[in-house]
Amino acid sequence: VKKDFVHTSESVTEGHPDKLCDQISDAIVDRFLEHDFRARIIAECAVSTSVVFIAARFASRAKVDFPNVARKVIRKIGYVDHEFNFKTCSILTSLKDMTPDQDTLFDEDRLTDDDLERIAPTDQVTIFGFACNQSPTLIPVPIWLAHKLARRVSQMRLDNVLAYLAPDGTTQVGVEYKDRKPYRIHSMTINCSQKDREFPDMRVLRDDIRQAVIDAVFKDEPVKPDDQTRIFINPGGPLKMGGPSVHSGMTGRKMAIDTYGNYSRNSGSALSGKDPLRIDRVAAYAARYAAKNVVAAGLAEECEVQLSYSIGIARPVSIQIETKGTGRIPDEEITLLVKKNFDFRLGGIIKQFNLRRLPSVSQGGFYRKLAAYGQFGRTDMQLPWEQSDKSDLLKSG
Amino acid sequence: MNTLHHWGEAARINAFKGTPQEVLAMCEAQLRDGARMPLTEDDRDTIEAENERMAGDALRVLGVAYSIQGREEESNNGNGLTWLGLIGMADPIRDRVKESIAAFHKAGLETVMITGDQSPTAYAVGQELNLSNGKPLEILDSSHLNQTDPSVIKALSKQVHVFARVSPSHKLQIVQALQTSGKVVAMTGDGINDGPALKAADIGVAMGRTGTDVAREVADVVLEGDDLETLIIAVRDGRTIYENIRKALHYLLATNFSEILVMFVAAAFGLGYPLNAIQLLWINLLSDIFPGLALALEEPDPDVLNKPPRDPYEPIVRSEDFGRIAFEGGAISAASLAAYGYGIARYGMGPQAGTIAFQSLTIGQILHAFSCRSENRSLFTSQKMPPNNYLNLAVFGSLGLQALAQLVPGLRSLLGIAQITALDAAVIGGAAVAPLLINELTKPSAPGEGDET
């Protein structure tokens, strides 16, 4: 196991084209589930210059105005009076209405445990979940910091503190580890776009970002940038506008940002744009839930849960736990504890997290909000898979 | 759109209608049970959901709102309106339009709908009509097409089935985009603002009954009964006329080539001139006019509406057709020359041998008209062509005239024909029918025909 290394994770603001697409895809999922919790929906999105492409297959009695959903997302993000904006962009929808599969028209809340056993995935996948004690929400510190910086950049724009900023931005944080512990900030890059190429001057922008973003973000962080930390702010010069008019985007291209910043393994399939009956989406939540509880219970300093599913079998065909030598008890024992205390069946995951009804009970959508700034280790949303409520069970286990 | 009306003594009411989302965005209050109430986010959500539901039922939905203002005030451009409600209007799809669309698809014509309606309405209508022919329905939703790069519209126009929320002024842009992507565009329209697009389209089709004068004037085609089905008939007839011209042309080229070949080969091999000038004139009079005209009056091929349209850049006689024409003409010539050879062997060079060649060639040519009825179907294929009585009349009439030429002494001497024996007649018969059989047996079958069982 490597001990001393630098790990860099990236995050983007909600105005980044890839994230814009993820949010549109998930806003469509939200809209369907709000009106019909049994809806099946796969929504994929791409954006380039002034055209948004949405390809969707769905089986639902709900009727959804796809372009309107997309335009609302684009407006909310802040593309209002830009070259690319919610009013004037063209939206191409490729829609396929499917007949619902009778097997999926169940109501998990009314199912018995035996019924849940019969709901099986239709995909063969291996899914990972991870947690470590490097940050308050138990995600790796590079992605934790990258998200925090990206959020702060966006906040400064929305609060009109740095009103000259445009919605598109990226942040990267490289953390130096010693003995597998975050030791110092090695380097950091912030790219933010501005509405006007000439305003402000690069020097002003760099000062503003340093004070309003970097200093504020690291105020209560245990590991802070030092004199040696390499800090780059718009290293390529001013970025005018950014967003889809400059670079294109697609759903599912920011997997590392959605998960753990490449610190642990992650499955290659996208999370956004899929209804909760897709095992490749919801198993990632269940795996995280288990991993987080293992770390919260103090059984290990870091924990990766690996779940493998096969078509037609409700339970994972394999559950693996990897603690990279940080476990207080052997990995096999942790595996047994996890198997005993967690429900990894497709129907069980949907039921325990209430995944099909969350959009209708959450204000302003659920999956859309989840689609930016990571789907794990959030502080701004009450996510069912972020609870540490099973750690006591594991401790006593 | 908004209008101003008097409202009591000192005020005016500003009435708005339009796309529900756009009108809703201008509202800050709503009228409910006669009282003006705030419009919450939840209310907006409910209204939007209701709009989606109505539009999903293929209704055309409008939002309405108003504001009260002083008499002297300028019309405000729509801030702080009071929401009144949604209006859903059914604009039922006319009878048989669905069938017409299916017929268009079968005939290889793609259909595109341009509408000012919002996407869900357009989706419902597009599904109902099966505009996408079973594939995912692609809808381009854009109220600002003019701000999209023309090359992007060109690329998109190739796959889009529905253009939604399009303002009439963008129809021209869409037609031009389709044209630059290499398509031949026919557009139907009836409004004044359809004029430019109807004019730009390769075939502008105006509705005769509901259409405006402008639309009718610029259109190439006016549908008298406003019935799309008529277009299918027009397409069928148009394709048939073109095919018939090709058949006639094919026939004329093949038969005339056979004459040239007979004269040329005989002369080249020192066999004299089988036909004299008056016989050649007679052949042209007989074979070219009546069967050629009758071929131009063929009934539509039963398959004419199951085939894709022809490539507009394709010449009327394709290069592979020339090969086929040469082969058919060659077969007729070879048979006539063989008969001529028999005549020379039996009677020596002279009018007797020439008569045998003349009769073989003329009858062979007249019978060739049957072969030219179809490029792919021969006398031996199971699927028969619809009968063409004009052709039967022309062929048997011409054969009758040819018989008269042989039998009437005055005509015979005019044409320089000798009398023939029964054996000569049998040889002539064989030489006339053989090329027909050869040409029918070697006819290429239609692409894909072999797959059918």
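All values derive from a computational prediction rather than experimental measurement.

Asker: Whenever I open this one, the interface of chain A and chain B confuses me. Can you help?
Answerer: Listed as interface residues are 26 residues of chain A and, on the opposing side, 33 residues of chain B. Between chain A and chain B lies a buried interface of about 2,300 Å² when both sides are counted; carbon and sulfur atoms form 45% of it. When residues of chain A are sorted by the area they lose upon contact with chain B, Lys63(A), Asp65(A) and Leu92(A) head the list and together hold 23% of the total. The interface formed by chain A and chain B holds three salt bridges in total. Our count for the chain A to chain B interface comes out at 12 residue pairs in polar contact (both at pLDDT 80 or more). Looking at the side of chain A that touches chain B, the elements with two or more residues in it are α1 (17-35), β3 (51-59), α2 (66-77) and β4 (90-97) of chain A. Looking at the side of chain A that touches chain B element by element, the count peaks at eight residues for β4(A).

Asker: Before we go on, may I ask you to explain the sheet that holds strand β4 (residues 35-38) of chain B in this structure?
Answerer: Within a beta sheet, neighbouring strands are joined by backbone hydrogen bonds and run either parallel or antiparallel to one another. Residues and elements named next belong to chain B. Pairing is mixed across the open sheet formed by six strands, whose spatial order is β1-β2-β5-β6-β3-β4. Of all the strands in the sheet, the pair left with one neighbour each is β1 (2-7) and β4. Neighbour to neighbour, the strand axes of the sheet diverge by 35° on average, direction disregarded. Across three bridges, the pairing between strand β3 (residues 27-32) and strand β6 (residues 81-90) is parallel. The partner of Cys 27 across the bridge, within β6, is Leu 81. Its contacts with the sheet place helix α2 (residues 41-56) against β3, β4, β5 (59-70) and β6, and it is angled at close to 15° to β6.

Asker: I would appreciate a short explanation of the sheet that holds strand β12 (residues 221-223) of chain B in the present structure.
Answerer: Residues and elements named next belong to chain B. With parallel pairing, three strands are arranged side by side in an open sheet as β10-β11-β12. Whereas interior strands pair on both sides, the edge strands pair on one side only; in this sheet they are β10 (186-189) and β12. For this sheet the average axis-to-axis angle between neighbouring strands, irrespective of direction, equals 25°. Note: β10 against strand β11 (residues 203-207), four bridges, orientation parallel. Residue pairing in the sheet places Gly 189 in a bridge with Ala 206 of β11.

Asker: What's the story with the packing of α1(A) against α2(B) in this structure? I'm lost.
Answerer: Pairs of packed helices are described in terms of their axes, by the angle between the two and the distance that separates them. At a minimum axis distance of 13 Å, the contact between α1(A) and α2(B) shows a crossing angle of 85°. One way to sum up the angle between α1(A) and α2(B) is to call them roughly perpendicular. Touching Arg31(A), Glu34(A) and His35(A) of α1(A) are Asp45(B), Glu48(B), Ala49(B) and Glu52(B), all from α2(B). Across the contact of α1(A) with α2(B), the residue classes tally to one nonpolar, one polar and five charged.

Asker: Please clarify how helix α8 (residues 331-341) of chain A should be interpreted in this entry.
Answerer: Owing to its 3.6 residues per turn, the α-helix aligns residues three or four sequence positions apart on the same side. Residue and element names in this part refer to chain A. When we look at burial in α8, the residues that qualify are Asp 331, Ile 334, Thr 335, Leu 337, Val 338 and Asn 341. What you see down the axis of α8 is that its buried residues fit within an arc of 165°, all on one side. Exposed and facing more than 90 degrees away from the buried side of α8 are Glu 332, Leu 336 and Lys 340. Where α8 is buried, its residues touch α7 (279-296), β12 (318-322) and α12 (391-396).

Asker: Just checking my understanding: could you explain the state of the cysteines for this structure?
Answerer: In protein chemistry, a disulfide is the covalent bond that joins the sulfur atoms of two cysteines. Residues and elements named next belong to chain A. Applying the stated criterion across every chain, the model contains zero disulfides over all chains. Cysteine Cys 21 shares no disulfide, and the gap to the nearest cysteine sulfur, in Cys 45, comes to 3.8 Å. Taking the relative accessible area as the measure of exposure, Cys 21 reaches 0% and is therefore buried. Here Cys 303 is not cross-linked by a disulfide; its sulfur's nearest cysteine counterpart is in Cys 132, at 10 Å. The buried category is assigned to Cys 303, whose relative accessible area is 0%.

Rules behind the numbers
- Residues numbered from 1 in each chain as written.
- Chains lettered and ligands numbered in written order.
- Predicted model: local features only at pLDDT ≥ 70, side-chain atom pairs only at ≥ 80, totals over all residues.
- Heavy atoms only, no water.
- Contact = heavy atoms within 4.5 Å.
- Buried area = accessible area lost by both parts, 1.4 Å probe.
- Salt bridge = Lys/Arg side-chain N within 4 Å of Asp/Glu carboxyl O.
- Polar contact = N/O pair within 3.5 Å; in protein donor to acceptor, adjacent residues only side chain to side chain.
- Helix = DSSP H or I, 4+ residues; strand = E, 2+ residues; numbered from the N terminus.
- Pairing = 2+ DSSP bridges.
- Axes fitted to C-alpha atoms, helices over the stretch in contact; angles between N-to-C directions.
- Parallel < 35°, antiparallel > 145°, perpendicular 65-115°, else oblique.
- Nonpolar A, V, L, I, M, F, W, Y, C, P; charged D, E, K, R; others polar.
- Buried < 20%, exposed > 50% of the residue type's maximum accessible area, 1.4 Å probe, protein only.
- Arc of directions from axis to C-beta.
- Disulfide = S-S within 2.5 Å.

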